[in-house]
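What follows is the residue order along each chain.
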Amino acid sequence: MLDLPKVRGRLTPHRVLADLTWLRVGGPAEVLFQPADVEDLADFLAAIDPEIPVFPIGVGSNLIVRDGGIRGVVVRLGRGFNAIEIGADHVHAGAAALDAHVARKSADAGFNLTFLRTIPGTIGGAVRMNAGCYGDYVADVVTAVTVVTRAGEIEERAPRDMAFGYRQSSLPAGAVIVGARFTPPREAPEILHQRMADQLAKRDETQPTKDRTAGSTFRNPVGFSSTGRSDDVHDLKAWKVIENAGMRGAALGGAVMNAKHPNFLTNAGDATAAELEDLGEDVRKKVYASQGITLEWEIMRVGDREVPGRDE
């Protein structure tokens, strides 16, 4: 058992993480920490052994936790981190605020963060992965990111410090995003809400929103991100190269590349994390063999593959 300080939040040893991820797979966290607020998190990180690994998760919407679980401390932010504040020229959202909620509340105030409406997950994950769709990305509108470092220091980082790229940013190991400030363009609320309604309809038409997935499995090849425009081309989108490789509907155990949209790795009922990850690797091999394209994972895979024995 790790030697950990007292906290105002909750510490849970050996907490199985499967029910905290959208794919419903994965082993336990050595310890799950749910801090009460930013100060509780900062004090905790400052007090624990710097050699203990720390991994933050949101709602687990873009994540495979491997069957052997995660060593060290998993941090899951909750109610103390989900506030959404509307300013005169900006929106501030806690890292645990749901992307969809931020989009809707921003639209009420005439701020255009509509691209967040169809992105599953929380603001912390959206910032970490520079989430985007329809040609808009977090990097286009974020002006400050608040993080708690692994040493327990509360810092505000400018966009240049985050080194945003396609579906990625730069953050030191063990650092936890706790909030972000956005300065979106203004537009009439009724126009923004209608745009989001149209985006939801399009998403539901083309994506398996009722299945157990983790969102897009692989990044689109470089230079072919989705714009949502009528002149958008699909020749080298991830779903298209997967289809060209004959992997639409491919299965391994309980894992399936969704027939409705082949870039959605799906738990069809009883998949293990290993089956999901191995099917994804099979897809990458088939795409490379057939088209010379190396697909990069968009889903984050974390933890140990091997399940500890009962006597360990």
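Cut-offs applied
- Residues numbered from 1 in each chain as written.
- Predicted model: local features only at pLDDT ≥ 70, side-chain atom pairs only at ≥ 80, totals over all residues.
- Heavy atoms only, no water.
- Salt bridge = Lys/Arg side-chain N within 4 Å of Asp/Glu carboxyl O.
- Buried < 20%, exposed > 50% of the residue type's maximum accessible area, 1.4 Å probe, protein only.
- Axes fitted to C-alpha atoms, helices over the stretch in contact; angles between N-to-C directions.
- Helix = DSSP H or I, 4+ residues; strand = E, 2+ residues; numbered from the N terminus.
- Parallel < 35°, antiparallel > 145°, perpendicular 65-115°, else oblique.
- Contact = heavy atoms within 4.5 Å.
- Nonpolar A, V, L, I, M, F, W, Y, C, P; charged D, E, K, R; others polar.
- Expected span 1.5 Å × (residues − 1).
- Arc of directions from axis to C-beta.
- Core = buried A, V, L, I, M, F, W, Y, C linked by side-chain atoms within 4.5 Å.
- Polar contact = N/O pair within 3.5 Å; in protein donor to acceptor, adjacent residues only side chain to side chain.
- Pairing = 2+ DSSP bridges.

A. A look at the pattern of salt bridges. Scanning the entire structure with this criterion turns up 15 salt bridges. The residue R15 makes a salt bridge to D19 at a minimum N-O spacing of 2.7 Å. Among the residues examined, R15 registers a relative accessible area of 25% and is labelled partly exposed. Taking the relative accessible area as the measure of exposure, D19 reaches 42% and is therefore partly exposed. Among the ionic pairs, E155 bridges to R157, the shortest N-O distance being 3.1 Å. A residue is classified by how much of its surface remains accessible, and E155, at 26% relative accessible area, is partly exposed. The class of R157 is buried, set by a relative accessible area of 16%.

B. Summary view of the packing of helix α2 (residues 99–108) against helix α6 (residues 189–206). Running from N to C, α2 and α6 point in directions that differ by 155°, and their axes come no closer than 8 Å. Between α2 and α6, the angle is such that the two are roughly antiparallel. Counted together, A103, R104, A107 and D108 of α2 and P189, L192, H193 and M196 of α6 form the full contact between these two elements. Partitioning the contact of α2 with α6 into residue classes produces five nonpolar, one polar and two charged.

C. Molecular detail of α6. Spanning 18 residues, α6 covers 26 Å between terminal C-alpha atoms, matching the ideal 26 Å at 1.5 Å per step. Within the sequence span of α6, burial applies to L192, M196, Q199, L200 and R203. With its buried residues spanning 100° around the axis, α6 presents them on a single face. Away from the buried face of α6 by more than 90 degrees, exposed residues E190 and E205 are located. Buried residues along α6 sit in contact with α2.

D. Main features of the environment of A158. Mapped onto the fold, A158 is located in the loop between β11 (154–157) and α5 (159–162). Between the C-alpha atoms of A158 and R181, which are 23 residues apart in sequence, the distance is 10.0 Å.

E. Structural view of the nonpolar core. Formed by 51 residues in total, the largest nonpolar core has its most connected members in V73 and F182. In this structure V73 touches L2, L4, V31, F33, F44, I52, P53, V54 and F55, once residues within four positions along its chain are discounted. A238, I242, A245 and M257 belong to the second largest nonpolar core, which has 24 residues in total.

F. Region of interest: the side chain of T21. Checked against the element boundaries, T21 lands in the loop between β1 (10–16) and β2 (28–34). Under the relative-accessibility criterion, T21 is labelled buried at 1%. A polar contact of 3.2 Å, which involves the side chain of T21, links it to the backbone oxygen of A18. Discounting residues that sit within four places of it in the chain, T21 has contacts with V59, G60, L63 and V65.

G. Quick peek at the sheet that holds β1. Spatial ordering of the open sheet is given by β1-β2-β5-β3, a layout of four strands whose pairing is mixed. Each edge of the open sheet is held by one strand with a lone partner, namely β1 and β3 (54–57). Strand-to-strand twist across the sheet, computed as the mean angle between neighbouring axes with direction ignored, equals 30°. Examined bridge by bridge, β2 and strand β5 (residues 70–76) share four bridges and lie parallel to one another. Counterpart to F33 in the pairing with β5 is V75.

H. Representation of the sheet that holds strand β6 (residues 84–86). The five strands are arranged β6-β7-β12-β10-β11 in an open sheet whose pairing can be described as antiparallel. Looking at strand neighbours, the two that pair on one side only are β6 and β11, the edges of this open sheet. On average, each strand axis in the sheet is tilted by 15° relative to the strand beside it, whichever way the strands run. Pairing between strand β10 (residues 142–148) and strand β12 (residues 176–182): six bridges, direction antiparallel. Across the sheet, the residue bridging to V148 is V176, located in β12. Contacting β6 and β7 (91–94), α2 crosses the sheet at an angle of about 20° to β6.

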